[in-house]
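Structural description and commentary
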Amino acid sequence: MFKSIKSVTGLALSSIVLASSLQLSACAEEKSVKEAAVDSKAVPELATSSETSLNKDAFKEVFSQKLLKINPQFQIASVDDSGMPGVYQVQIDNGPLLYVSDDAEYFFTGTLYKITANAMVNLTDQAEAKKRQSLMSELNPDEMIIFKPVDPVKTKRVITVFTDVDCYYCQKLHKEVPELNARGIEVRYMAFPRAGLGSASYKKIASAWCSKTPQETMTRLKNKEQVQLLECDTPVAKQYQLGKKMGVTGTPAILLEDGSLIPGYRPAADLAKQLGL
């Protein structure tokens, strides 16, 4: 349902941003708890057409000013065509994806589908994947802990996994890395300590990056073995922040080469099938 910008208070939109960023994650099953705030006042009837449609540049300026009045912290990261006539797709910086009428008067959150002749296309998933693909340019393999297929097996696919050494399902997935490698799947680990930067989990996973044998240390940590905690200059904090930009809220989070993000654990056989192997 569309919500009028005029009737949204700072508190209401704040609750949308907060609710959109929250997600329950017990490693394996992450249920979204996005709850759009509903104004107590009646929502005005949406006009079927508008004589005040704005081009993209004008729209961004007008909508930015409206957000600024609600809360100066709401910043627009990008404005794109949504695929729905009369509606722009607006990414809030470190916030939710909004769908906003091109007169900047109404918006809604949630999943946008396009109905084709024989299917329903999830335009929201496509938009999120495109954003992640853009962010993937910031990934540096030299800063990852990588488990590659061993000769004579050749790498056929690559997955990037945001991981936490204390996460049960991350540990479970790690036990299947040899099988993934045997199927030609290279596993690249990025750090995402769910308890946050500076936490005990952060110190453990940072030690893997500081180790002279990072693959071995990662395996020992995920086997719940005690390892010496090490300190050095690591990419852990940068990877954690990049994960948040990509929409990671729990671990494991498996990033595919096309920008798709698989939340939670998947058996090796299922992953291989999804990757076309």
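Reading guide: rules and limits
Residues numbered from 1 in each chain as written. Predicted model: local features only at pLDDT ≥ 70, side-chain atom pairs only at ≥ 80, totals over all residues. Heavy atoms only, no water. Helix = DSSP H or I, 4+ residues; strand = E, 2+ residues; numbered from the N terminus. Buried < 20%, exposed > 50% of the residue type's maximum accessible area, 1.4 Å probe, protein only. Contact = heavy atoms within 4.5 Å. Areas by Shrake-Rupley, 256 points an atom, 1.4 Å probe, with all protein chains shown as cover. Phe/Tyr/Trp six-rings, centres within 6.5 Å; stacked < 30°, edge-to-face > 60°. Axes fitted to C-alpha atoms, helices over the stretch in contact; angles between N-to-C directions. Parallel < 35°, antiparallel > 145°, perpendicular 65-115°, else oblique. Nonpolar A, V, L, I, M, F, W, Y, C, P; charged D, E, K, R; others polar. Expected span 1.5 Å × (residues − 1). Arc of directions from axis to C-beta. Polar contact = N/O pair within 3.5 Å; in protein donor to acceptor, adjacent residues only side chain to side chain. Pairing = 2+ DSSP bridges.

Let us look at the overall build of the protein chain. When you go through the protein chain residue by residue, the secondary structure sums to 9 helices and 14 strands. Looking at the protein chain as a whole, 45% of its 277 residues are labelled buried. The contacts of the protein chain with a sequence gap of at least 6 include a subset with a gap of at least 24, amounting to 68%. Surface exposure of the protein chain reaches about 15,200 Å², of which carbon and sulfur atoms provide 51%.

Centre-to-centre distance and the angle between the planes together describe a pair of aromatic rings. Tallied over the entire structure, the rule returns 8 aromatic pairs. With a centroid separation of 5.9 Å and 40 degrees between ring planes, the pair formed by Tyr169 and Tyr265 is classed as tilted. Taken as a pair, Tyr169 in helix 4 (residues 168–175) and Tyr265 in the loop between strand 14 (261–263) and helix 9 (268–274) lie far apart in primary sequence, 96 residues in all. Note on Tyr169: relative accessible area 26%, which makes it partly exposed. Through a chain of ring-to-ring contacts, three or more aromatic side chains come together here, namely Phe59, Phe63 and Tyr88.

Our next topic: the packing of helix 6 (residues 200–210) against helix 7 (residues 214–222). At a minimum axis separation of 7 Å, helix 6 and helix 7 run at an interaxial angle of 155 degrees. Classified by the interaxial angle, the pair formed by helix 6 and helix 7 is roughly antiparallel. Residues Lys204, Ile205, Ser207, Ala208 and Trp209 of helix 6 touch helix 7, and the partners they reach there are Pro214, Thr217, Met218 and Leu221. In terms of residue class, the contact of helix 6 with helix 7 is built from 6 nonpolar, 2 polar and 1 charged.

To continue, consider helix 2 (residues 56–70). Helical periodicity: at 3.6 residues per turn, an α-helix aligns residues three or four positions apart in one direction. Here helix 2 contains 15 residues, and its C-alpha end-to-end distance of 21 Å stays within 8% of the 21 Å for a straight helix at 1.5 Å per residue. Residues Phe59, Phe63, Lys66 and Leu67 constitute the buried set of helix 2. Here the buried residues of helix 2 occupy an arc of 100 degrees about the axis, which is enough to place them on one side. Turned more than 90 degrees away from the buried face of helix 2 sit Asp57 and Lys69, all of them exposed. With a side-chain oxygen positioned 3.2 Å from the backbone nitrogen of Asp57, the residue opening helix 2 is Asn55.

With respect to the element layout, Cys232 can be found in the loop between helix 7 and helix 8 (236–245). When the C-alpha atoms of Cys232 and Trp209 are compared, they prove to be 8.3 Å apart, with 23 residues separating the residues in sequence.

With that settled, the discussion passes to the pairing of strand 11 (residues 157–163). The side chains of a regular strand alternate, first on one face of the sheet and then on the other. Most of strand 11 sits inside the fold, with 6 of its 7 residues counted as buried. Note: strand 11 against strand 12 (residues 185–191), 7 bridges, orientation parallel. Counterpart to Thr163 in the pairing with strand 12 is Ala191. Judged from the 3 bridges that link them, strand 11 and strand 13 (residues 253–255) form a sheet pairing that is antiparallel. Residue Val161 lies in a different strand from strand 13, and its bridge partner there is Ile254.

By the burial criterion, the buried members of helix 7 are Thr217, Met218, Leu221 and Lys222. Down the axis, helix 7 shows its buried residues gathered within 130 degrees of arc, on one side only. Check the buried side of helix 7 and you find it contacts strand 10 (145–147), strand 11, helix 4, strand 12 and helix 6.

Spatial strand order, 10-12-11-13-14: 5 strands in an open sheet with mixed pairing. Each of the sheet's edge strands pairs with one partner strand only, and the pair in question is strand 10 and strand 14. For this sheet, the mean angle separating the axes of adjacent strands, direction not counted, is 25 degrees. In this sheet, strand 14 lies alongside strand 13 in antiparallel orientation, the contact comprising 3 bridges. By the bridge assignment, Ile254 is partnered in strand 14 with Ile262. With respect to the sheet, helix 7 is in contact with strand 10, strand 11 and strand 12, its orientation differing from that of strand 10 by roughly 90 degrees. Taken strand by strand, helix 8 contacts strand 11 and strand 12, and its axis lies near 100 degrees from that of strand 12.

What follows covers the environment of Ser78. By the secondary structure assignment, Ser78 is in strand 4 (residues 76–81). Separated by 18 residues in sequence, Ser78 and Lys60 have C-alpha atoms that sit 8.7 Å apart. Aside from chain neighbours lying at most four places away, what touches Ser78 is Gln89, Val90 and Gln91.

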